[in-house]
Amino acid sequence: MGHSVSPDRLTHATPSHLPHSPIFLIRSPSPQDTWTIPNPPYGRTAVRPNLYPDRPPTLRLPHLPHPSPQDTWTIPNPPYGRTAVRPNLYPYPLTAMTKRIAIISEHASPLGSFGGTDSGGQNVYVGQTAKQLAALGYQVDVFTRRDAPDLPEAVLWHNGVRIIHVPAGPAAPVPKEQLLPHMKAFTRFMVAFVRREQQQDGGYHLVHANFWMSARVASQIKQYTGLPFVVTFHALGKVRRRHQGEADGFPDDRFAIEEQVVQAADGIIAECPQDRDDLTQLYGADASKIHIVPCGVDLSEFWPIPRQQARATLGLPAAERVVLQLGRMVPRKGVDTVLEAIALLNRQRLPTRLVVVGGESALPDPEATPEIGRLQAIAADLGIGDRVTFVGQRGREVLKYFYSAADVFVTTPWYEPFGITPLEAMACGTPVIGSNVGGIKFTVRDGETGYLVAPKNAREVCDRIAFLYQNPSVLNLFGRQAQRHVAQRFTWAKVASALAGIYESVLSTGPNAAVETTINDLAQIEARFDASILAMRQARRLVSADILAVSRQISECFARGGKVLVCGNGGSAAESQHFAAELVGRFGSH
């Protein structure tokens, strides 16, 4: 039987410093009950996690005035800490604590397939940052070009994240090198959309552009509406032209547009130190506007799978040496260098199989992916056609099996603005041999999580792989260190937290900053509390047994009449003093 929330079950609390944002605390019914919740706020999780199982959970909802009977949800058996029913796309007013971010990614949709010519790291970046920003309390809309006729205008992709398909050019795939003429239509649609949202719900607070054409759109939106924007370029035209020359299919207009965007942007996100240096040296960017925020990896998506299990799942031989190359199938990725290295290994009586994942189709079709045809011809010329397995395109849900099945992951692009695949490989416990360029030299620790090599140097790649095979203990050590390195520094949660800090910094200097300061600060405090609670819960799960073991060792030491030396260096010295004082204060009399 359902329960309707009634006034006699509400406790009304209104903080004195926030006169217009009352909070209702609703006493929880039993988990078996059905709840009817008036006006659930869009994009917010209605039920907080039950951190204390011995106490009944509490439901916290912002006050929404004048709920009507038709604006209710019925949620049977709502699981604590999760939103059981997703809202419609536009039905509810936003709370004062919610900020709205418009992410523009004209050619790289989170819905795209990974490994195609125009589908790669940017698709992952946009999707993951959108989801993580929503988890921090932002409402995010991702604007991307409509490239299929059956795509609706708006799709609710994740809780708090919509994908808006922009009609700009034909509703069909178009190479990104040919998209610039369609950006005027993209801009017209977005300006109209932004203005409509401003009239209905207060509109967006900030635009985050991804790639140079999206940045041009964001710059024009700022000109027409005053919305501030930040930009992640993902790749710079002048750097690309330097490495690809006449093979670069983008128009020369790109250079002037990028220079204009660099000056107009309120913030610029560089993905690695090399990216920052290129922005300042080649484009004259103001260094004070540049923030280094790397890409990340989702540890709930990529983790080590036992190698034999992964190979059995994929049908790979259990006893072979296996090297993996995975990513977009374009010449600049330098897969031909890896083929030459594999040929050298086989000549050195270290027979090794290369598995190549990527392409425009599930089967390795040279017609659909010309680069695969070129690479197959190179492998045949090198006499290793039977030692190279082209897999084709694969969904992200199975990539962890490929990373885990490999002994080594190799990526040797001519240049790389960042590169997400090395992070994914390391998260799966696989060492990386990568080109000493761009983001790869920022993420791979040479001699610790793998090796850095010169681009287009097959001999060096061969020597590094051979050394690891001849020293399996080093290979295993690198894998363990790689996994730990990524978990400590490169997660999407950390990326989103850094982006949120940049957003708030930009917004704190805007024209409405004074009005929103209190609410913005409270939102940040709430997000940090949520993150702290989550960290403590994870710590309880991960280190409780270790804490118990250490406490028993200390107790046994004291029982034998021994002494405990407490040491600290720098900031930990104060913690050491506090720990020693607690030991003496609490147990000294016993």
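Refer to the preceding data block for the structure.
Residues numbered from 1 in each chain as written. Predicted model: local features only at pLDDT ≥ 70, side-chain atom pairs only at ≥ 80, totals over all residues. Heavy atoms only, no water.

J.: Break down the pairing of strand β11 (residues 206-210) for me, with residues and values.
T.: With 5 of 5 residues buried, β11 lies mostly within the body of the structure. Inspection of the sheet shows strand β7 (residues 100-104) paired to β11 by 4 bridges, in the parallel sense. Of the residues in β11, the one forming a bridge with Ile103 is His208. In the classification by handedness, the crossover that spans β11, the intervening helix α3 (residues 212-225) and the parallel strand β12 (residues 229-232) is right-handed. (Buried < 20%, exposed > 50% of the residue type's maximum accessible area, 1.4 Å probe, protein only. Helix = DSSP H or I, 4+ residues; strand = E, 2+ residues; numbered from the N terminus. Pairing = 2+ DSSP bridges. Right-handed = clockwise from strand over helix to strand, strands pointing away.)

J.: Please provide a residue-by-residue account of the sheet that holds strand β17 (residues 388-392), values included.
T.: Read from one edge to the other, the open sheet built from 6 strands follows the order β17-β16-β15-β18-β19-β20, with strand pairing classed as parallel. Two strands lie at the open edges of the sheet, namely β17 and β20 (450-453), each paired on one side alone. On average, adjacent strands in this sheet sit at an angle of 20° to one another, irrespective of strand direction. Pairing geometry for strand β15 (residues 321-326) and strand β18 (residues 408-411), over 2 bridges, is parallel. Bridging from a neighbouring strand, Val323 pairs with Val408 of β18. (Axes fitted to C-alpha atoms, helices over the stretch in contact; angles between N-to-C directions.)

J.: Residue-level account of the side chain of Arg311, with values.
T.: In this fold, Arg311 is placed in helix α7 (residues 307-314). What makes Arg311 buried here is its relative accessible area of 1%. Sequence-distant contacts of Arg311, that is, excluding residues within four places in its chain, are made with Leu316, Pro317, Ala318, Ala319, Glu320, Val322, Ala405 and Asp407. (Contact = heavy atoms within 4.5 Å.)

J.: Give me helix α2 (residues 183-201): which residues, what numbers.
T.: For α2, spanning 19 residues, the distance from its first C-alpha to its last is 26 Å, which sits close to the expected 27 Å at 1.5 Å a residue. Of all the residues in α2, the buried ones are Met183, Phe186, Thr187, Phe189, Met190, Val191, Phe193, Val194 and Glu197. Where α2 is buried, its residues contact β7, β8 (139-145), β10 (161-166) and α3. Looking one or two places after α2, you find Gly202, whose phi comes out positive at around 90°. (Expected span 1.5 Å × (residues − 1).)

J.: Describe the pairing of strand β9 (residues 154-158), and please don't skip the residues or the numbers.
T.: Across 4 bridges, the pairing between β9 and β10 is antiparallel. By the bridge assignment, Ala154 is partnered in β10 with Ile164. Following β9, the chain reverses through 2 residues before pairing antiparallel with β10; Gly160 in that reversal takes a positive phi of roughly 90°.

J.: Go over the environment of Ala264 with me, naming the residues and quoting the values.
T.: With respect to the secondary-structure elements, Ala264 resides in helix α5 (residues 253-264). Separated by 35 residues in the primary sequence, Ala264 and Phe229 place their C-alpha atoms 8.6 Å from one another. With near-sequence residues (within four places) excluded, Ala264 lies in contact with Ser219, Lys222 and Phe229.

J.: Quick rundown of the environment of Arg311? Include the residues and the values.
T.: Residues Arg311 and Ala405 lie 94 residues apart in sequence; the distance between their C-alpha atoms is 5.2 Å. Of note is the side chain of Arg311, whose polar atom sits 3.1 Å from the backbone oxygen of Ala318. Here Glu320 takes part through its backbone oxygen, which lies 2.6 Å from a polar atom of the side chain of Arg311. (Polar contact = N/O pair within 3.5 Å; in protein donor to acceptor, adjacent residues only side chain to side chain.)

J.: Could you give an account of the pattern of salt bridges, with specific residues and numbers?
T.: Here the structure, examined in full by the defined rule, presents 25 salt bridges. A salt bridge links Asp407 to Arg307; the nearest nitrogen and oxygen atoms lie 3.7 Å apart. Note that Asp407 is positioned in the loop between α10 (396-405) and β18 and Arg307 in helix α7, a separation of 100 residues in sequence. Its relative accessible area of 8% is what places Asp407 among the buried residues. Classification of Arg307 as partly exposed rests on a relative accessible area of 27%. Through salt bridges with shared partners, a single network forms among Glu177, Arg240, Arg241, Asp248 and Asp252. (Salt bridge = Lys/Arg side-chain N within 4 Å of Asp/Glu carboxyl O.)

J.: Help me get a handle on the nonpolar core, residues and values and all.
T.: Membership of the largest hydrophobic core comes to 59 residues, with the highest contact counts inside it found for Leu324 and Tyr403. At 9 residues, the largest contribution of residues to this core is made by helix α15 (residues 492-507). Excluding residues within four positions of it along the chain, Tyr403 makes contact with Phe302, Leu324, Leu326, Phe409, Thr421, Glu424, Ala425, Cys428 and Thr430. (Core = buried A, V, L, I, M, F, W, Y, C linked by side-chain atoms within 4.5 Å.)

J.: Tell me about the packing of aromatic side chains, and please be specific about residues and values.
T.: Under the definition given, this model contains 13 aromatic pairs. Ring centres 5.2 Å apart and planes at 85° place the aromatic pair Phe143 and Phe193 in the edge-to-face group. With Phe143 in strand β8 and Phe193 in helix α2, this pair connects stretches of sequence that are 50 residues apart. Considering the side-chain rings of Tyr451 and Phe478, the 5.4 Å spacing of their centres and the 70° angle between planes classify their relative orientation as edge-to-face. Placement of Tyr451 in strand β20 and of Phe478 in helix α14 (residues 472-489) is noted, with a sequence separation of 27 residues between them. Considered together, Tyr451 and Phe478 belong to a single accessibility category, that of buried residues. Here Arg254 stacks its cationic end above the ring of Phe250, 4.7 Å away from the centre of that ring. Above the face of the Tyr469 ring, Arg321 is positioned so that its terminal group lies 5.6 Å from the ring centre. (Phe/Tyr/Trp six-rings, centres within 6.5 Å; stacked < 30°, edge-to-face > 60°. Lys NZ or Arg CZ within 6 Å of the ring centre and 35° of its normal.)

J.: Just give me the short version of the packing of helix α4 (residues 237-244) against helix α6 (residues 273-283), but keep the residues and values in it.
T.: Two elements in contact, α4 and α6, have axes separated by 10 Å at closest approach and are oriented at 90°. Judged on the interaxial angle alone, α6 and α4 are roughly perpendicular. Facing Gly237, Lys238, Val239 and Arg242 of α4, the residues of α6 in contact are Asp278, Leu282 and Tyr283. Class assignment of the residues belonging to the contact of α4 with α6 gives a composition of 3 nonpolar, 1 polar and 3 charged. (Parallel < 35°, antiparallel > 145°, perpendicular 65-115°, else oblique. Nonpolar A, V, L, I, M, F, W, Y, C, P; charged D, E, K, R; others polar.)

J.: An account of the sheet that holds β11 is requested, with residue identities and associated values reported.
T.: The mixed open sheet is built from 8 strands, whose spatial order is β9-β10-β8-β7-β11-β12-β13-β14. With partners counted over all chains shown, the strands left at the sheet margins are β9 and β14 (290-292), one partner each. Each strand of the sheet is rotated relative to its neighbour by a mean of 25°, with strand direction disregarded. By the bridge criterion, 3 bridges tie strand β13 (residues 267-270) to β14 in an arrangement that is parallel. Residue pairing for β14: Ile269 is matched across the bridge by His291. Across the sheet, α15 lies against β7, β11, β12, β13 and β14, angled at about 130° from β11, the strand it touches most.

J.: Describe unusual backbone geometry, and please don't skip the residues or the numbers.
T.: Trans is the prevailing form of peptide bonds, just as negative phi is the prevailing case for residues other than glycine. Of note, His234 is a non-glycine position whose phi angle comes to about 70°, a positive value. Tracing the chain through its elements places His234 in the loop between β12 and α4. With phi around 60°, Arg349 is a residue other than glycine that occupies positive phi space. In this fold, Arg349 is placed in the loop between α8 (335-347) and β16 (352-357).

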